[in-house]
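# Secondary and tertiary structure notes
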Amino acid sequence: MSNSLGDPSMSSPLLDRASNAMIGGNLASQSLQMVPTGSSQMNSNPSGMNSPMNLNMNMNIGLNMNMNLNEFAKINQANFNLLANFNNNGNANTAFNMNNTLNSINSNANGNATSNSNGTNSNKTMKPNYANFATLTGHTKAISSVKFSPDGNWLASSSADKNIIIWGARDGKHEKTISGHKLGISDVAWSTDSRYLVSGSDDKSLKIWDVQSGKCLKTLKGHTNYVFCCNFNPQSNLIVSGSFDENVRIWDVRTGKCIRTLPAHSDPVTAVHFNRDGSLIVSSSYDGLCRIWDTASGQCLKTLIEDDNPPVSFVKFSPNGKYILAATLDNTLKLWDYNKGKCLKTYTGHKNEKYCIFANFSVTGGKWIVSGSEDNMVYIWNLQTKEIVQRLSGHTDVVLCSACHPTDNIIASAALENDKSIKLWRSDT
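What you see as residue numbers is a count from 1 along each chain, following the sequence as written. Local features in a predicted model are, by the rule used here, given only for residues with pLDDT of at least 70; side-chain atom pairs are given and counted only at 80 or more, and totals for whole chains, interfaces and linings are based on all residues. In computing side-chain values, all of the structure's heavy atoms are included and hydrogens and water are not.

## Details of the sheet that holds strand β26 (residues 399-404)
What counts here: In short, DSSP must find at least two bridges between two strands for them to pair. Only runs of H or I of at least four residues qualify as helices and only runs of E of at least two qualify as strands under DSSP, and these elements are numbered from the N terminus. The convention used is that axes are lines fitted to C-alpha atoms, helices contributing only their stretch in contact, and that angles between N-to-C directions extend from 0 to 180 degrees.
What the four strands build is an open sheet, ordered β1-β28-β27-β26; its pairing is antiparallel. Each end of this open sheet is capped by a strand with a single partner; those strands are β1 (131-136) and β26. With strand direction ignored, the average angle separating the axes of adjacent strands in the sheet is 25 degrees. Across five bridges, β26 lies against strand β27 (residues 410-415) in antiparallel orientation. Across the sheet, Cys 401 pairs through a bridge with Ala 414, a residue of β27.

## Brief notes about the environment of Asp 419
Test applied: The criterion used for residue contact is that any of the two residues' heavy atoms lie within 4.5 Å. Each polar contact in these results corresponds to two N or O atoms within 3.5 Å; when the atoms are within protein, one needs to be able to donate a hydrogen and the other to accept it, and residues that are neighboring in sequence are counted only if both atoms are side-chain atoms.
Among the structural elements, Asp 419 can be located in the loop between β27 and β28 (422-426). If near-sequence neighbours (up to four positions away) are discounted, Asp 419 is found in contact with His 395, Thr 396 and Asp 397. Separated by 2.8 Å, the side chain of Asp 419 and the backbone nitrogen of Thr 396 make a polar contact.

## Structural notes on the packing of aromatic side chains
As a reminder of what qualifies: Ring pairs shown here join Phe, Tyr and Trp side chains whose ring centres sit within 6.5 Å, with only the six-membered ring taken for Trp; geometry is labelled stacked below 30 degrees between planes, edge-to-face above 60, and tilted in between. Exposed residues in this analysis have more than 50% of their type's maximum accessible area, buried residues have under 20%, and partly exposed residues fall in between, with area computed by a 1.4 Å probe over protein chains only. A ring is scored as having a charge over it whenever the NZ atom of a lysine or the CZ atom of an arginine sits within 6 Å of its centre and within 35 degrees of its normal.
This structure, assessed with the given rule, holds six aromatic pairs. When the centroid spacing of 5.2 Å and the interplanar angle of 85 degrees are considered together, the rings of Phe 228 and Phe 244 count as edge-to-face. Separated by 16 residues along the polypeptide, Phe 228 in strand β10 (residues 227-232) and Phe 244 in the loop between β11 (238-243) and β12 (248-252) bring together distant segments of the chain. Phe 228 gets classed as buried once you look at its relative accessible area, which sits at 0%. Above the face of the Phe 133 ring, Arg 426 is positioned so that its terminal group lies 3.8 Å from the ring centre.

## Focus: the state of the cysteines
Put simply, the rule reads: Here, two cysteine sulfur atoms that lie within 2.5 Å of each other are counted as a disulfide.
For the coordinates displayed, the defined rule picks out zero disulfides. No disulfide involves Cys 229; its sulfur sits 7.3 Å from that of Cys 230, the nearest cysteine. Residue Cys 290 stays outside any disulfide, its sulfur separated by 9.3 Å from that of Cys 300, the closest cysteine. Its relative accessible area of 0% is what places Cys 290 among the buried residues.

## Some details on the environment of Val 389
Position of Val 389 among the secondary structure elements: in strand β25 (residues 388-392). Each C-alpha atom of the pair Val 389 and Pro 128 lies 7.0 Å from the other, and the pair is 261 residues apart in sequence.

## Looking at the environment of Asn 233
The residue Asn 233 is located in the loop between β10 and β11 in this model. Assessed through its relative accessible area of 3%, Asn 233 is described here as buried. Sequence separation of Asn 233 and Ser 279 is 46 residues, and the distance between their C-alpha atoms is 8.8 Å. If near-sequence neighbours (up to four positions away) are discounted, Asn 233 is found in contact with Thr 192, Leu 238 and Phe 274. A distance of 3.0 Å separates the side chain of Asn 233 from the side chain of Gln 235, its partner in a polar contact.

## Quick notes on the pairing of strand β6 (residues 185-190)
For β6, the tally of buried residues reaches six of six residues, placing the bulk of the element in the interior. Relative to strand β7 (residues 196-201), β6 is paired through five bridges, and the arrangement is antiparallel. Within β7, the position partnered with Ala 189 by the bridge is Val 198.

## Considering the pattern of salt bridges
Here is the rule: Throughout this description, the term salt bridge denotes a Lys or Arg side-chain nitrogen within 4 Å of a carboxyl oxygen of Asp or Glu.
For the structure shown, the criterion picks out three salt bridges. Across the pair Arg 170 and Asp 408 runs a salt bridge, and its minimum N-O distance is 2.7 Å. Residue Arg 170 is located in the loop between β4 (163-168) and β5 (174-179), and its partner Asp 408 is located in the loop between β26 and β27; the two are separated by 238 residues in the primary sequence. For Arg 170, a relative accessible area of 36% corresponds to the partly exposed category. With relative accessibility at 26%, the residue Asp 408 sits in the partly exposed group.

Structural data, given as structure tokens:
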């Protein structure tokens, strides 16, 4: 990979998830200022720049597609039939604003859309009242990722300090610290049954952990550069990972072997995520592309790109798999109907020009979009109206990562080196 991604004076040209990415012009010719995971301070010390920890970035998705939509729909017709009341013949924005369509952003394990009993008008007018009820300390360097377990009992955090910490999701109690990686950890993700974790590290490996014992069950080796992002599929028999080697790999959980390598991008892969039935993978990259892959065949089904080709920082499917939430380093989040290739919503007002910041769907109460920000706050938007409904203040550094509890109105947020804390927030709505 070309050193065009980093300051040539630095020992590593690659980014942390907790990284300072100075973006300018086209990615191929720009110079990014990296933040080291191996150094005790995420500052301008070039000697500590020896790994890219986590780069959880959100991407703006464009309209370029290389597969007929009808053909694609046939592959997984059941999966994309979740929105019974979606007006397929109408304008995408008009259809999306319909109450039933909005409510079906969330769906249960059987694929049934959940309903918001408050109705459209109340969803437009209601606002959350998140308040901080716990501040968790324990990591010694910047925090790269926070994830709630699917059963709602635990919160896992990963850090440049090479450790994973497990906390009580509702009380913030420190349960255990899991160690074993040789360099900073880029990402962490739960299995569906909440028994296992997978972590990706600057040491170029992934590890599968038994949460109860804290033991490493498998070490997955094959990437030739920093592992940046990872996720289990819903069945938890596969893991997908993205790396600064520009490849996406699919791993067999039972054997720990790589079963498929996708030459996915021409720059580091910044995010990978399975849809709700595991049939599709979405990946994003600094090359400005978002790609959707068929899990079984490894075929690239679509390539989505914006006209101005901004670097892609993070991308994820909505809970029902119908939409994609994406962000670029231009202070913008967008919600896309990727089947139609249309941007449905744009969320702005936060600050995100230098760091790779997570964004989330919150669907336990009102339907919100949640993201950290470079002004040290957490921003919450009404998913439908795009209005900023709340800003959460309290962190003392860039809020890099956040997560939403699967059943309760709880948000976790975590910040960079000058803060190193996790905050838990709770709302009545």
